[in-house]
Amino acid sequence: KKYVYRFGGGQAEGNKDMRELLGGKGANLAEMSAIGLPVPPGFTITTEACAYYHEHNGKWPEGLEEEVRAGVRHIEQLMEAGFGDPNNPLLVSVRSGAALSMPGMMDTVLNLGINDRVVEGLARRTGNERFAYDAYRRFIDMFGDVVMGVHHEHFEAVLAALKKEKGVSEDTELDAEALKELVRRYKEVYRQHTGSLFPEDPYEQLYRAINAVFESWNSERAIKYRQIHKIRGLLGTAVNVQAMVFGNMGERSGTGVCFTRNPATGENELYGEFLINAQGEDVVAGIRTPKSISEMKQVMPELYEQLVRLARQLEEHYKNMQDIEFTVQEGRLFILQTRNGKRTGVAAVKIAVDMVDEGLVDPKTAVRDLVEPAHLDQLLHPRFKSETAYKDRVIGRGLPASPGAAVGQVVFTAEDAEAWRAQGKRVILVRIETSPEDVGGMHAAEGILTSRGGMTSHAAVVARGWGKPCVAGCGDIVIDYSTKTFRAGNVVVKEGDWISINGSTGEVILGQEALVEPSLSGDFARFMEWVDQFRTLGVRTNADTPQDARKAVEFGAEGIGLCRTEHMFFEGDRILAMREMILATTLEERRAALAKLLPYQKEDFRGIFREMAGKPVTIRLLDPPLHEFLPHDEKEQQELAQQLGIPVETVRTKVEALKEFNPMLGHRGCRLGITYPEITEMQTRAILEAALELKQEGVDVRPEIMVPLVGTREELEHQRRVIEETAQKVFAEKGDRIDFLVGTMIEVPRAALLADQIAEVAEFFSFGTNDLTQLTFGYSRDDAGKFLPYYVEQKILKDDPFQTLDQEGVGQLVQIGTERGRKTRPSLKVGICGEHGGDPASVAFCYKVGLDYVSCSPFRVPIARLAAAQAHL
Ligand code: ADP
Ligand code: MG
Ligand code: MG
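As the structure is a prediction and not an experimental result, all values here were calculated from the model.

**Observations regarding the overall build of the protein**
When helices and strands are tallied, the protein shows 34 helices and 34 strands. Projecting the C-alpha coordinates of the protein onto the three principal axes gives extents of approximately 105 × 60 × 50 Å. Across the 873 residues in the protein, those meeting the buried criterion constitute 55%. Long-range pairs, those at least 24 residues apart, make up 68% of the contacts in the protein between residues at least 6 apart in sequence. Of note, the protein has its 104 positive side-chain charges centred 1 Å away from the centre of its 128 negative side-chain charges.

**Focus on the side chain of Asp323**
Residue position: Asp323 is located in strand 12 (residues 322-329). Not counting chain neighbours up to four residues away, the residues in contact with Asp323 comprise Cys258, Phe259, Gln337, Thr338, Arg339 and Gly341.

**Digging into the site of ligand 1**
Taken together, 14 residues lie around ligand 1, and Lys25, Arg95, Thr108, Glu325 and Gln337 are the ones closest in. Separating an oxygen atom of ligand 1 from a side-chain N or O atom of Lys25 is a distance of 2.7 Å. Measuring from an oxygen atom of ligand 1, one finds a side-chain N or O atom of Glu325 at 2.5 Å. In isolation ligand 1 has 550 Å² of accessible area, and contact with the protein removes 80% of it.

**Here's the deal with the coordination of the magnesium ion (ligand 2)**
The magnesium ion (ligand 2) binds to the protein through Glu325 (OE), Glu325 (OE) and Gln337 (OE1); the donor distances cover 2.1 to 2.3 Å. Separated by 12 residues along the polypeptide, Glu325 in strand 12 and Gln337 in strand 13 (residues 332-340) bring together distant segments of the chain. On the accessibility criterion, Gln337 (7% relative accessible area) is buried.

**Some words on the pairing of strand 24 (residues 498-502)**
Burial within strand 24 is extensive, with 4 of its 5 residues counted as buried. As paired elements, strand 17 (residues 405-411) and strand 24 share 5 bridges and run antiparallel to each other. Within strand 24, the position partnered with Gln409 by the bridge is Trp498. Joining the antiparallel neighbours strand 24 and strand 25 (residues 507-510) is a turn of 4 residues, in which Gly506 adopts a positive phi near 90 degrees.

**Looking at the sheet that holds strand 13**
Pairing within the open sheet is antiparallel, and its 5 strands lie in the order 11-10-9-12-13. In the strand order of this sheet, the two ends are held by strand 11 (291-292) and strand 13, each with one partner. One ladder, built from 8 bridges, connects strand 12 with strand 13; its direction is antiparallel. Paired with Asp323 across the strands is Arg339, a residue of strand 13. Along the sheet face, helix 12 (residues 301-318) touches strand 9 (254-259), strand 12 and strand 13 and points at about 35 degrees away from the line of strand 13.

**Description of the sheet that holds strand 24**
In space, the 8 strands of this open sheet follow the order 15-25-24-17-18-19-20-16, with mixed pairing throughout. The strands lining the two open edges of the sheet, one partner per strand, are strand 15 (394-397) and strand 16 (399-402). For this sheet, the mean inter-axis angle between neighbouring strands, taken without regard to orientation, is 30 degrees. On top of the sheet, helix 16 (residues 414-422) reaches strand 17 and strand 18 (427-431); it is set at about 105 degrees to strand 17, its chief contact. Across the sheet, helix 18 (residues 458-466) touches strand 16, strand 19 (447-450) and strand 20 (470-472), and the angle it forms with strand 16 is around 45 degrees.

**What to know about the pattern of salt bridges**
Inspection of every chain in the model, using the stated rule, returns 71 salt bridges. A salt bridge links Asp134 to Arg138; the shortest N-O distance between them is 3.1 Å. Taken together, the residues Asp134 and Arg138, both in helix 5 (residues 129-147) and 4 residues apart, mark about one turn of the helix. For the pair Asp134 and Arg138, a shared accessibility class is recorded, and that class is buried. Residue Asp544 is joined to Arg564 by a salt bridge in which the shortest nitrogen-to-oxygen separation is 3.4 Å. Taken as a pair, Asp544 in the loop between strand 27 (538-542) and helix 20 (546-554) and Arg564 in strand 28 (residues 560-564) lie far apart in primary sequence, 20 residues in all. Residue classification places Asp544 among the buried positions, given a relative accessible area of 9%. Where salt bridges share partners, they join Lys602, Glu603, Arg606, Arg610, Arg685, Glu689, Glu693, Glu697 and Glu733 into one cluster.

**Let's talk about the coordination of the magnesium ion (ligand 3)**
Surrounding the magnesium ion (ligand 3) are the protein donor atoms Glu747 (OE) and Asp771 (OD), at 2.0 to 2.1 Å. Taken together, the positions of Glu747 in the loop between strand 31 (741-746) and helix 28 (749-753) and Asp771 in helix 30 (residues 769-777) put the pair 24 residues apart, joining distant regions of the chain. Taken as a pair, Glu747 and Asp771 share a single burial class, namely buried.

**A few points about the environment of Asp392**
The residue Asp392 is located in the loop between strand 14 (383-384) and strand 15 in this model. Remark: the alpha-carbon pair of Asp392 and Ile509, spanning 117 residues in sequence, is separated by 8.7 Å.

**Quick look at helix 13 (residues 345-357)**
A turn of α-helix holds 3.6 residues, and therefore any two residues three or four places apart point the same way. Relative to the 18 Å expected for 13 residues at 1.5 Å per residue, helix 13 spans 19 Å between its end C-alpha atoms, a close match to the ideal helical length. The complete set of buried residues in helix 13 reads Gly345, Ala347, Ala348, Val349, Ile351, Ala352, Val353, Asp354, Met355 and Val356. Buried residues along helix 13 sit in contact with helix 12, helix 14 (363-370), helix 15 (373-379) and helix 19 (522-533). Looking at the residues trailing helix 13, positive phi occurs at Gly359, about 80 degrees.

**A closer look at the nonpolar core**
Side chains that are nonpolar tend, in soluble globular proteins, to be buried together. In terms of nonpolar packing, the biggest core is built from 121 residues, with Leu376, Phe527, Met578, Phe609, Leu626, Phe629 and Phe765 touching the most fellow members. At 9 residues, helix 26 (residues 677-696) tops the list of elements feeding residues into this core. Dropping the residues within four chain positions of it, Leu376 is found in contact with Val349, Val371, Phe524, Met528, Pro862, Ile863 and Leu866. Counting residues in hydrophobic clusters, the runner-up holds 71 residues, among them Leu110, Val119, Phe198 and Val239.

Reading the values: rules and limits
Residues numbered from 1 in each chain as written. Chains lettered and ligands numbered in written order. Predicted model: local features only at pLDDT ≥ 70, side-chain atom pairs only at ≥ 80, totals over all residues. Heavy atoms only, no water. Helix = DSSP H or I, 4+ residues; strand = E, 2+ residues; numbered from the N terminus. Buried < 20%, exposed > 50% of the residue type's maximum accessible area, 1.4 Å probe, protein only. Contact = heavy atoms within 4.5 Å. Lys, Arg positive; Asp, Glu negative; His and termini not counted. Charge placed at Lys NZ, Arg CZ, Asp CG, Glu CD. Near = heavy atom within 4 Å. Polar contact = N/O pair within 3.5 Å; in protein donor to acceptor, adjacent residues only side chain to side chain. Areas by Shrake-Rupley, 256 points an atom, 1.4 Å probe, with all protein chains shown as cover. Donors = N, O, S within 2.8 Å, 3.2 Å for Na, K, Ca; no water. Pairing = 2+ DSSP bridges. Axes fitted to C-alpha atoms, helices over the stretch in contact; angles between N-to-C directions. Salt bridge = Lys/Arg side-chain N within 4 Å of Asp/Glu carboxyl O. Expected span 1.5 Å × (residues − 1). Core = buried A, V, L, I, M, F, W, Y, C linked by side-chain atoms within 4.5 Å.

Now the structure itself:
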């Protein structure tokens, strides 16, 4: 088995597609070398060797040592120098690098191969004694710190003492003699802390450094990093051994890092930093302040031009914006690393569009590789003008529950939010937690801040649905409703005070930050046009109001996959009619109350149908337990009793009677329509009358009526009968008819398993994966916050299944349901609605199992479109 891959001299044994085996750094060093870029020669030890090392208690696999020695000879030949040869010394760096970029692993060791005799040779060859001893003392420090765990500060202390003795303040003021003395003292530090002499043998230095890189793969911080970033299934880290080039050889040398384009704006210009007369670690260590790369243009114009050409060449080769590390040794430029550069959403889209215009990539490549779904999320919401300017005004930090930035005056109740909004004020609604009764105020607010609750709390889910910024579970703030204030540390914020929240980072900021609005035209629009060319999976939206529907169409929704009817019942006078319906004791009373609701419902549907002209609209019949609509406190119950002219006792008894032990498993979904068919009748009538009226106006309406929470064919048959009888009545009354579909949500596991039977009655399925997840795992969504975070931390679950679809378990039900349903009815339309419809990984899964569409909240629509295209490419 081959464990070592060489590169250098215009050739390489590896290439850029071998990241798994050579790590990202190694694969790209090989690639750059092979296409003739100036890369110092070297070799890469594979991640398989690292895996072997860990599986065999720190032993090297058979043949590795031989291969490493051959690798060193390869470098020696190309550099025309000898490793450990005092007359013509070769020094190397030892660098870690896994398949994915992963800070937390071993730091690089530079200048390896130096010892007491080599340092003299180095001084002679370069004619620069000071440089040679500077390299030596840096090596002892780095080797001691990185490889042997002798903390850097022990060396620093000795250095500081020496500078004091010599009466100088800068390292650079120490002359060769002083540095010689420093080397002696550093070795003594090394001996004291390790109990052994500093290794003079270059190969011993090398082997130890290689082992230290292997070890670092399983260091605590590396393990922690992989955990946090959900990096799994990698073999280990590769080790790169590479000839040193020196940026610290004087004024014609230097080192730097740069992006081939501006990673914040996407502007096509080199962007980065540069330090003259310095070695790699100086740039990051912050010892000296680096210069902007544009200044390099002044001091080293030819080299700058060369760097620009190399940047261009790298982009042409990698078809992506690059993040590169380089060093200049006495006027010669070397590239030491390249990788795809991280960038903001704005930059990602601009770079993608520019690269297509420049002819660097075709639209297909741009869609597949240059923009991530998460990038679009940043683009669709208002942002702060500056993401850094406010850092000293951050007074708290919560969960980034719904992205975007919002600015407003603080209010503490939903009613106040609505009232202030009505006066034209901008408000941030601050609550300990929110509940369905707060939705009006939540809608009126610019943003929502809660002190309790997680990523799937009511506030978080509702806010994401609307694309409204939300910071949830901000434990840093203590809310006092009675005084209408909240406290954050020693800051007290009163009602009416201005705050800003960043829903993308979870920051809560004192005062009014400047915002910039998102732009859906220009680059974004062009990019999304390309996206749709490569997409076969449909994308619909979940929308309950005409406003949401319009927004979603703007974002490219091709229909409504889920229109919940219950939200409509909370607004204004409707809640009264709704409560009257629930409190009714006879069928007649109930019908009378429903008749009051009918015009409201019809009006809602007219508005939505109009916005969605020519596109399918799936409307779900009433779903939540009725209890949710009733007032729960004494005062409100009294008010309601008064309004309806009934004794408060009746209200209280009814509220009591409707209480359930497990409301989510209780009297809800189609169980409501079955026990009270008149509800289904009213809703069907509202839908079809609205549709017929718009048809009269020449609007193309395509209603789809969806029955929730079905578990048996008989349930759906029952509801279908009610719907069809009502339809016949409405059509007869109006003397007109319209096509519509009847289908069901698949959210009870039994329905997925018996999908073949259910499809006999259903013309479409929509997987309600929120409830399906809840019922498959048996986790109550509203209570899972107590244990899910712990489950994820303990790796009992990989992810929160309410955020990302559990493909293994719940996904199986989706697959089975789809297959069995289509067996009975090949034309069955199948979609998914619920939070997962906008999660890129879940979208890819839906594509794989052959769904017709996904449906998600309006603000996730562009994200789902891109994820769907990328799944197809
Ligand atoms: P990281 O993964 O932390 O970026 P690297 O292995 O890229 O670590 O090394 C950090 C820096 O060390 C490089 O950017 C470069 O400046 C310097 N360096 C590494 N290898 C060499 C080398 N062979 N010659 C000169 N400088 C090097
Ligand atoms: Mg690097
Ligand atoms: Mg449901």
